[in-house]
Amino acid sequence: MAQWNQLQQLETRYLEQLYHLYSDSFPMELRQFLAPWIESQDWAYAANKESHATLVFHNLLGEIDQQYSRFLQENNVLYQHNLRRIKQHLQSTYLEKPMEIARIVARCIWEEQRLLQNATTTAQDGTAAHPSGTVVTEKQQILEHNLQDIRKRVQDMEQKMKMLENLQDDFDFNYKTLKSQGELSQDMNGNSQAAATRQKMSQLEQMLSALDQLRRQIVTEMAGLLSAMDFVQKNLTDDELADWKRRQQIACIGGPPNICLDRLETWITSLAESQLQIRQQIKKLEELQQKVSYKGDPIIQHRPALEEKIVDLFRSLMKSAFVVERQPCMPMHPDRPLVIKTGVQFTNKVRLLVKFPELNYQLKIKVIIDKESGDVAAIRGSRKFNILGTNTKVMNMEESNNGSLSAEFKHLVSHRTVRCLTDNHELPLLLQTLREQRCGNGGRTNSDASLIVTEELHLITFETEVYHQGLKIDLETHSLPVVVISNICQMPNAWASILWYNMLTNHPKNVNFFTKPPVGTWDQVAEVLSWQFSSTTKRGLNIEQLTTLAEKLLGPSVNYSGCQITWAKFCKENMAGKGFSFWVWLDNIIDLVKKYILALWNEGYIMGFISKERERAILSPKPPGTFLLRFSESSKEGGITFTWVEKDISGKTQIQSVEPYTKQQLNSMSFAEIIMGYKIMDATNILVSPLVYLFPEIPKEEAFGKYCRPEAAPEEAPGGDPYSTIQPYLKTNFLSSCLKNPL
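About the cut-offs
- Residues numbered from 1 in each chain as written.
- Predicted model: local features only at pLDDT ≥ 70, side-chain atom pairs only at ≥ 80, totals over all residues.
- Heavy atoms only, no water.
- Helix = DSSP H or I, 4+ residues; strand = E, 2+ residues; numbered from the N terminus.
- Buried < 20%, exposed > 50% of the residue type's maximum accessible area, 1.4 Å probe, protein only.
- Contact = heavy atoms within 4.5 Å.
- Areas by Shrake-Rupley, 256 points an atom, 1.4 Å probe, with all protein chains shown as cover.
- Arc of directions from axis to C-beta.
- Pairing = 2+ DSSP bridges.
- Axes fitted to C-alpha atoms, helices over the stretch in contact; angles between N-to-C directions.
- Phe/Tyr/Trp six-rings, centres within 6.5 Å; stacked < 30°, edge-to-face > 60°.
- Lys NZ or Arg CZ within 6 Å of the ring centre and 35° of its normal.
- Parallel < 35°, antiparallel > 145°, perpendicular 65-115°, else oblique.
- Left-handed = near helix turned anticlockwise from the far one by under 90°.
- Nonpolar A, V, L, I, M, F, W, Y, C, P; charged D, E, K, R; others polar.
- Salt bridge = Lys/Arg side-chain N within 4 Å of Asp/Glu carboxyl O.

Student: Sorry if this is basic, but what is going on with the overall build of the protein here?
Tutor: Within the protein one finds 25 helices and 24 strands. Looking at the protein as a whole, 46% of its 743 residues are labelled buried. Restricting to contacts in the protein with at least 6 residues of sequence separation, those with at least 24 account for 70%. Just so you have it, the protein exposes about 37200 Å², and 51% of that area is on carbon and sulfur atoms.

Here you go:
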């Protein structure tokens, strides 16, 4: 089987990794269009030989031309446009440097093979994919090398410290011996010395010089080692940890779930251990200096700065290592984290990425909501909440599968209080109505009346104290901004707020984000919309489906890339000619897919989002009885319909659609059974099924038969009389009149 076909059959978690291999440099569309030809070329050889790379590049352009001709014959305007754009990009970018595109393709093919190998190994072992199976970047390889170098330098420093201690002990012994014999004092008094005494003094001076030289070398190397630690620490916290936090944001809104912390924990723990070793060595320097010191002693000059530097580094590392591993989420809505409902349990988990066994059961975590925004909330007019349930917990290594130092809060509940503007008392939600009447506007200021409840953002803060090796370190971290709702009907708009925030910013605590929400581009929105399907099903949205959605949001256009979309356009304003917003419509379709037609969606049987023009263009050439499944554009609550081809009496092709089926109807009968049993009255008043082949040419029974319940056989009457049976209910069929104008 071709490599590309094997990749298409992988689980969603591997497909998400596959998506990240491709970019505009080498688009995934081109990989799919030319899969057999691409896999037949020796890209690795072309990447190292310019003449062969030039030949392969020109052959690639020729293959693109042939594929374009096929799309021309199929009248596929969208694919024609995309392929023309891809070819123009390749020509303008790689015509003069064909080896570069060869290297890119070779790397993608190699990573695909690696991905397949990891998936195969995982399937054979029956274990979950380990994060080490993900692509390790060159930057991460350099980071690991730098950490190894730091560990080696720390060990080397340990050996030099032993040498220094031995050298100092020898000097101290000889010095005290000479002094106890009175010879040193005689020298200091200027008295004459014997030749032996002068020789001993000369040896002592040489030992002191060697001692001073080694001290200076150690102090200098320690300063360099601390600089190296500072550099690596910035890479860890400012780059790798920041990247992980961004990936966590993306995962929260349906993106790739590759957010394991184990590798980061290994790196940070390694650096922290090295820092503590160096700190002990710096303390050892102080002990040595207290025993032996002299004028110009480098330890006296530099040790305080070294001590301050290593303590600052360790404090900063510990503070950065305290993270929220699992963001707040209600157990009943695992696919929509960061939205919590008052009075309903939610969970989250914090973790310290410094894996010190001595800290097990030593850190008590406290949870607070809106810790730093009490006064700000009053100014903004936001609601105020308390945390109920167990809001303190001790971190331990036993509850996690990998022995990490963590604390999981499983029984937290948000509880609303209302601040009275006159007497500054806070009352539970049970007294809200009474107090709102007394307070006039329920605690909301007039200055922020435009900010609706689902646009209010709140922070959940976790804090603790670490006492380790004489240091007290205050640790604090916080969740991503959450939306607190009081009714489950607010979930769609609340989730839209979470999507918009995490799509457009990596700012960890911008609770005022929606006072002036930024605009997004269609490229950003399209990716997030596809995630809403791929994260809860086995299939995201393809280019044609996304193009249809773009047209719904932005109107007709040749190219939507870079087009801007406002928050109001996405979520608040009604679509043209409709009484509901784009997001309300799409969210109900997502709900429809998950609850009623998931299996059909996963099979790829539902075209879903398709324009009327495109629908007519692909169905018209097909034989009568060919049909496709698409979502209704007019149903706010989410509906699905089918459109088919038929011939009228004169033989003219007609495109017909049925009135959309909603959730209420699908509660009574599955959509597969509706399709299998659907019949209409023909011109001769005979019931016939207009549905024969699912587009392009899949027999209806093959596609949907396996999803229909088998018919029950007649039961035999009691007493065993074979001629007497209990008849089941009479079989019924849906008799539907078709609507000639698709909805």
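Continuing now.
Student: Looking at this model, I keep getting lost on helix H22 (residues 612-619). Mind explaining?
Tutor: Think of an α-helix as 3.6 residues a turn; residues three or four steps apart then line up on the same face. Buried residues of H22: Glu615, Ile618 and Leu619, and no others. Burial along H22 is one-sided: seen end-on, the buried residues are contained in an arc of 95°. Residues of H22 that are buried sit in contact with strand S14 (626-631), strand S15 (639-647) and strand S16 (653-657).

Student: Could you clarify how one ought to interpret the sheet that holds strand S10 (residues 471-478) in this entry?
Tutor: By definition, the strands of a sheet pair up through backbone hydrogen bonds, in either a parallel or an antiparallel sense. The four strands lie next to each other as S6-S4-S9-S10, forming an open sheet whose pairing is antiparallel. Strands with a single pairing partner mark the edges of an open sheet, and in this sheet they are strand S6 (392-394) and S10. Pairs of neighbouring strands in the sheet enclose a mean axial angle of 25°, with direction left out of account. Packing against the sheet, helix H13 (residues 298-321) makes contact with strand S9 (460-468) and S10, and its axis sits at approximately 30° to S10.

Student: Which parts of the structure should I look at to understand the packing of aromatic side chains?
Tutor: Pairs of aromatic rings are described using the distance from one ring centre to the other and the angle between the two planes. One pass over the structure, following the stated rule, counts 30 aromatic pairs. Relative to Tyr79, the ring of Phe71 has its centre 5.0 Å away and its plane inclined at 55°; by these criteria the two rings are tilted. Residue class for Tyr79 comes out partly exposed when judged on its relative accessible area of 23%. Cation over ring: Lys552 sits above Trp585, and NZ or CZ is 4.8 Å from the ring centre.

Student: I keep staring at unusual backbone geometry and nothing clicks. Help me out?
Tutor: Leave glycine aside and you will find that most residues have negative phi; peptide bonds, for their part, are mostly trans. Looking along the chain, the bond that leaves Phe695 and enters Pro696 is cis, with omega of 5°. Summarising the element assignment, Pro696 is placed in the loop between strand S20 (693-694) and strand S21 (698-699). The backbone of Tyr361 sits at a positive phi, close to 65°, despite the residue not being glycine. By the secondary structure assignment, Tyr361 is in the loop between strand S3 (345-352) and strand S4 (364-369). Judged by relative accessible area, Tyr361 falls into the partly exposed class, the value being 48%. Positioned with a positive phi, Gln469 is a non-glycine residue whose angle comes to about 50°. If you trace the backbone, Gln469 turns up in the loop between S9 and S10.

Student: I tried to follow the packing of helix H17 (residues 522-534) against helix H18 (residues 543-554) on my own but got confused; where do I start?
Tutor: Each packed pair of helices is defined by two parameters, the angle between the axes and the distance between the axes. At a closest axis distance of 11 Å, the pairing of H17 and H18 adopts a crossing angle of 125°. Comparing their axes, H18 and H17 come out oblique. Every pair of crossing elements has a handedness; the one defined by H17 and H18 is right-handed. On the side of H17, the interface is formed by Trp522, Val525, Ala526 and Leu529, while H18 contributes Leu546, Leu549, Ala550, Leu553 and Leu554. Grouping the constituent residues of the contact of H17 with H18 by class yields nine nonpolar, no polar and no charged.

Student: Got a minute to help me understand the packing of helix H9 (residues 138-180) against helix H12 (residues 262-291) in this structure?
Tutor: The contact between H9 and H12 brings their axes to 10 Å, and the two run at 20°. One element, H9, and the other, H12, form an angle in the roughly parallel class. Judged by the twist between their axes, the crossing of H9 over H12 is left-handed. Counted by class, the contact of H9 with H12 contains twelve nonpolar, seven polar and seven charged residues.

Student: What is the right way to look at the pattern of salt bridges in this model?
Tutor: A pair can form between side chains of opposite charge whenever their charged atoms are brought close. Under the definition given, this model contains 37 salt bridges. We note a salt bridge from Glu476 to Lys371, for which the minimum N-O separation is 2.6 Å. Of the two residues, Glu476 is situated in strand S10 and Lys371 in the loop between S4 and helix H14 (374-380); the sequence distance between them amounts to 105 residues.

Student: Honestly, the pairing of S9 in this entry has me stumped. Any pointers?
Tutor: As a general feature of sheets, a regular strand has side chains that alternate between the two faces. Two elements, S4 and S9, share four bridges in a ladder whose sense is antiparallel. Note that in S9 the partner of Lys366 across the bridge is Glu463. Across eight bridges, the pairing between S9 and S10 is antiparallel. Bridging across to S10, Glu465 finds its partner in Asp474. Counting the residues between successive antiparallel strands, the hairpin from S9 to S10 contains two residues, one of them, Gln469, with a positive phi of roughly 50°.

Just geometry here; none of it tells us what the structure is for.
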